[in-house]
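Coordinate inspection notes
Residues per chain are reported as follows:
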Amino acid sequence: MVSDTDDETLAKALIVDDQKEVADAYALRLQGLCSVETVYDGEAALATVEESTVDVVLLDRHMPGMSGDEVLSELTGRGFDGRVIMVTAIDPGFDVLDMPFDDYLCKPVDREDIRTAVTQQCTILGYEMLGEYFSVESKRAVIEAEIPEGKRQDHQQYLDIERKAAQLAHRIHRLLDDPHELFEAFEAIDREGR
């Protein structure tokens, strides 16, 4: 397993390919765009996703042991909240119509295509997270406006939603180039009763 410096300000990509040189080459192509971790089998991929927040998985379909298709199915079953790009030498057939991936790149993939695909999936995920954030934050904001702090700090559900809003905001800032205007417009809405 190889991991570059974890930069908390960048989106996190996980590259999963049993060919070490291919995985490492993709990691080099993504350098500076996102924080990258590489693993060389399906079990390690699932363990990595379980241990940390991964935004985009670049997943090879054909691997010994657990195939990419099996990893994809397992990620879906576990409720993985990131995006999956299949990056593979397997020519797609009609079977891909039922597969829950977000993009499909056929090898060999050049530097700009892989960077563009990852950027696009991070942007999509960022906007999905933004919708979830607005839902959570509107609940938190209305409670904050209407209920005294002492009562809020003793309410576990409120504390959970406050924590969730902070986590979502942090992740959105990693995924989107400049979400400040979106946050400012949301915060400008008056949610207090008149």
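What counts, and where the lines are drawn
Residues numbered from 1 in each chain as written. Predicted model: local features only at pLDDT ≥ 70, side-chain atom pairs only at ≥ 80, totals over all residues. Heavy atoms only, no water. 1 Å grid on protein atoms, 1.4 Å probe; cavity = no way out; pocket = protein on both sides within 12 Å on 5 of 7 lines; lining within 4 Å. Points joined across faces, edges and corners; volume = space filled by probe spheres on them. Helix = DSSP H or I, 4+ residues; strand = E, 2+ residues; numbered from the N terminus. Buried < 20%, exposed > 50% of the residue type's maximum accessible area, 1.4 Å probe, protein only. Contact = heavy atoms within 4.5 Å. Patch = residues over 30% accessible without salt bridge, like charges linked within 9 Å, V, L, I, M, F, W, Y side chains within 5 Å. Areas by Shrake-Rupley, 256 points an atom, 1.4 Å probe, with all protein chains shown as cover. Salt bridge = Lys/Arg side-chain N within 4 Å of Asp/Glu carboxyl O. Lys, Arg positive; Asp, Glu negative; His and termini not counted. Charge placed at Lys NZ, Arg CZ, Asp CG, Glu CD. Axes fitted to C-alpha atoms, helices over the stretch in contact; angles between N-to-C directions. Parallel < 35°, antiparallel > 145°, perpendicular 65-115°, else oblique. Left-handed = near helix turned anticlockwise from the far one by under 90°. Nonpolar A, V, L, I, M, F, W, Y, C, P; charged D, E, K, R; others polar. pLDDT = per-residue confidence, 0-100.

Some remarks on the layout of surface pockets
If you add up the space inside the largest pocket, you get close to 380 Å³. Forming the boundary of the largest pocket are 18 residues, of which Ser52, Thr53, Val54, Asp81 and Arg171 lie nearest the centre. By residue number, the principal contributor to the lining of the largest pocket is helix α6 (residues 156–175), which donates 6 residues. Its volume calculated, the second largest pocket comes out at about 220 Å³.

Overview of the environment of Leu182
Tracing the sequence through the fold places Leu182 in helix α7 (residues 180–187). Among the residues examined, Leu182 registers a relative accessible area of 33% and is labelled partly exposed. Along the primary structure Leu182 and Asp113 are separated by 69 residues, whereas in three dimensions their C-alpha atoms are 28 Å apart. Leaving out residues up to four positions away in the same chain, Leu182 has contacts with Tyr127, Leu130 and Phe134.

Here we look at a nonpolar patch on the surface
On the surface, Val142, Ile143 and Ile147 cluster together to form a nonpolar patch covering roughly 180 Å² of accessible area. Within the secondary structure layout, Ile143 lies in helix α4 (residues 111–146).

So, unusual backbone geometry
In this chain, Lys107 is followed by Pro108 through a cis amide linkage whose omega measures -5°. For Pro108, the location among the structural elements is in the loop between β6 (103–106) and α4.

Re a negative patch on the surface
A cluster of acidic side chains, namely Asp177, Asp178, Glu181, Glu184 and Glu187, defines a negative patch on the protein surface. Structurally, the position occupied by Asp177 is in the loop between α6 and α7.

A closer look at the packing of α4 against α7
Packing of α4 against α7 brings their axes to within 12 Å, and their N-to-C directions diverge by 25°. Judged by the angle between their axes, α4 and α7 are roughly parallel. Relative to α7, α4 is oriented so that their crossing is right-handed. Facing Tyr127, Leu130, Tyr133, Phe134, Glu137 and Ser138 of α4, the residues of α7 in contact are Leu182, Phe183 and Phe186. Here the contact of α4 with α7 is built from residues that sort into 7 nonpolar, 1 polar and 1 charged.

Examining the pattern of salt bridges
For the coordinates displayed, the defined rule picks out 17 salt bridges. Among the ionic pairs, Glu37 bridges to Lys12, the shortest N-O distance being 3.1 Å. You can see Glu37 sitting in strand β3 (residues 35–39) and its partner Lys12 sitting in strand β2 (residues 12–16), a full 25 residues away along the chain. Take Glu37 and Lys12: they sit in the same class, and that class is buried. Notably, a salt bridge pairs Arg111 with Glu112, separated by 2.9 Å at the nearest N-O pair. Judged by relative accessible area, which is 45%, Glu112 ranks as partly exposed.

Describing the confidence of the model for the chain
The share of residues in the chain with pLDDT of 70 or more is 95%, and the mean pLDDT across the chain is 90. The secondary structure element of the chain with the lowest average pLDDT is strand β1 (residues 2–3), at 51, and the one with the highest is strand β4 (residues 56–59), at 98.

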